[in-house]
Amino acid sequence: MRVFDKNSNIFKLLSESILQGILVVNEQQEIVASNQRSDELFGYNRDELLGQQLSILIPSAQREKHKNLAEGVYWEDIGIRKMKGRNLSGLHKNGNQIPLQVGLSPFSLYGNKYVLTLIEDLSELKEKDNQIYELNTQLEKKIRLRTQELRDTVAILKREVKRRKEAENKIKDALQRERELNDLKTKFLSLVSHEFKTPLSGILTAATLVGKYNTEEQQEKREKHLKTIIAEVRRLNTILTDFLSIERLEQGKEVYRLSDFSLSKIVNEVIYDANMILKDGQKINYPQNIDDIIINQDERIVALALTNLLHNAIKYSPEDTEIDFRVNISKKKITFHIKDQGIGIPETDQKHIFDRYFRAENVLLTQGTGIGLNIIKAHVENLGGSIYFKSKENKGSVFSVELPLAKT
């Protein structure tokens, strides 16, 4: 023990300059040296630990395990190593347990074997862990409270919405809206700016050119640019109508009016409007056997759905192609089929095609808002119908709208 006497300048110089506690234990588990940090850590006076058994610093529950380790494993390898296992504890003089991290380094000196023990107090770390746990607990309580508030809001929406399926869709939207609100705002502003800028530029250019053609023989050129202005104004009106439809649908203010109307009349109006935007060589095949047929549905929604699908077929189909328009009628329902020979929809994008603002990867450079199909789907489902499609990339698409009929 004299080797580690407190007056040993070398041991004192080395041990007192280290922040960790240091204990040196011989083969009999007797403490033969300690530094001031160890004494303070375990609550003993200077040199009070010398000659004591190491077991006085070990909680009773851990003494048996430590005894077995000390009898063999300690002395097998030379080199520093940490004791295995978490939740190691030391025993303070006052009986309190101290969370520790312990490193062991067996060595030999003058024919005797010793273990140098480096001890680090984890009390502060343990306290921080407890604080983090408490903060997490409080955060979980707040999350549960917020979740309950959201559930209460959902319950209110369920009572207010007449149709269960519409309520479920709005609930899902509400749960996602809080996370995606900022992204949607940015995307919406960018979309509106882009979609309005293009037609407004076209109107400005056409209006400027009209003013330059002021002679009678230039009438044909004037009419051409006037048609451009009319077409772009219609396009702007369609965009505004779509955005207003979104607002009415979300607020539950959309009103549907069922009435009797001529099927051929509405089809003629839709096709006439679509013919105005046909590309060179494109042709719409008129549906057969619809003359003198009166159906009972919401005329405005039928026209809106057919117009949207026909315009999409024209926009995404190349020149010199045909668009088939077919109608199937039974006693209880009417189904419209619009088939094109266009670019089709990539298979990976098909599950998102009715999502708001979504646009397939092969049409990102084509003008569009990505809200038309979303609006049509909402209207059709509110009327008890459905919309579905089949599509293959570079082969074309067939979109079908199915609506119930009160009478035919």
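Residues numbered from 1 in each chain as written. Predicted model: local features only at pLDDT ≥ 70, side-chain atom pairs only at ≥ 80, totals over all residues. Heavy atoms only, no water.

Engineer: Quick question: what am I supposed to make of the packing of helix α7 (residues 263-275) against helix α8 (residues 299-315) here?
Structural biologist: The geometry of a pair of packed helices is captured by two quantities: the angle between their axes and the separation between those axes. Here α7 crosses α8 at 35 degrees, and the two axes come no closer than 10 Å. Relative to α8, the crossing made by α7 is right-handed. Across the interface between the two elements, Lys 265, Ile 266, Val 270, Ile 271, Asp 273 and Ala 274 from α7 touch Glu 299, Ala 303, Leu 306, Thr 307, Leu 310, His 311 and Ile 314 from α8. Classifying every residue of the contact of α7 with α8 by side-chain character gives eight nonpolar, two polar and three charged. (Axes fitted to C-alpha atoms, helices over the stretch in contact; angles between N-to-C directions. Helix = DSSP H or I, 4+ residues; strand = E, 2+ residues; numbered from the N terminus. Left-handed = near helix turned anticlockwise from the far one by under 90°. Contact = heavy atoms within 4.5 Å. Nonpolar A, V, L, I, M, F, W, Y, C, P; charged D, E, K, R; others polar.)

Engineer: Looking at this structure, how should I read α7?
Structural biologist: A rise of 1.5 Å per residue sets the reference length of α7, with its 13 residues, at 18 Å; its end C-alpha atoms lie 18 Å apart and thus fit the reference within 8%. Elements that come into contact with the buried residues of α7 comprise β7 (259-262), β8 (283-285), β9 (294-297), α8, β10 (322-329) and β11 (333-339). (Expected span 1.5 Å × (residues − 1).)

Engineer: Would you mind showing me how to read the environment of Leu 122 here?
Structural biologist: Turning to its location among the elements, Leu 122 is positioned in the loop between β6 (112-121) and α4 (123-160). Judged by its relative accessible area of 19%, Leu 122 is buried. For Leu 122 and Pro 99, which are 23 residues apart along the polypeptide, the C-alpha to C-alpha distance reads 5.3 Å. In contact with Leu 122, other than residues within four places in its own chain, are Pro 99, Leu 100 and Gln 101. (Buried < 20%, exposed > 50% of the residue type's maximum accessible area, 1.4 Å probe, protein only.)

Engineer: I tried to follow the environment of Ala 360 on my own but got confused; where do I start?
Structural biologist: Structurally, Ala 360 can be placed in the loop between β11 and α9 (372-382). Judged by its relative accessible area of 6%, Ala 360 is buried. Put simply, Ala 360 and Glu 347 are 13 residues apart on the chain and 9.7 Å apart in space, counted from C-alpha to C-alpha. Discounting chain neighbours no more than four positions away, the residues touching Ala 360 are Ile 345, Pro 346 and Asp 349.

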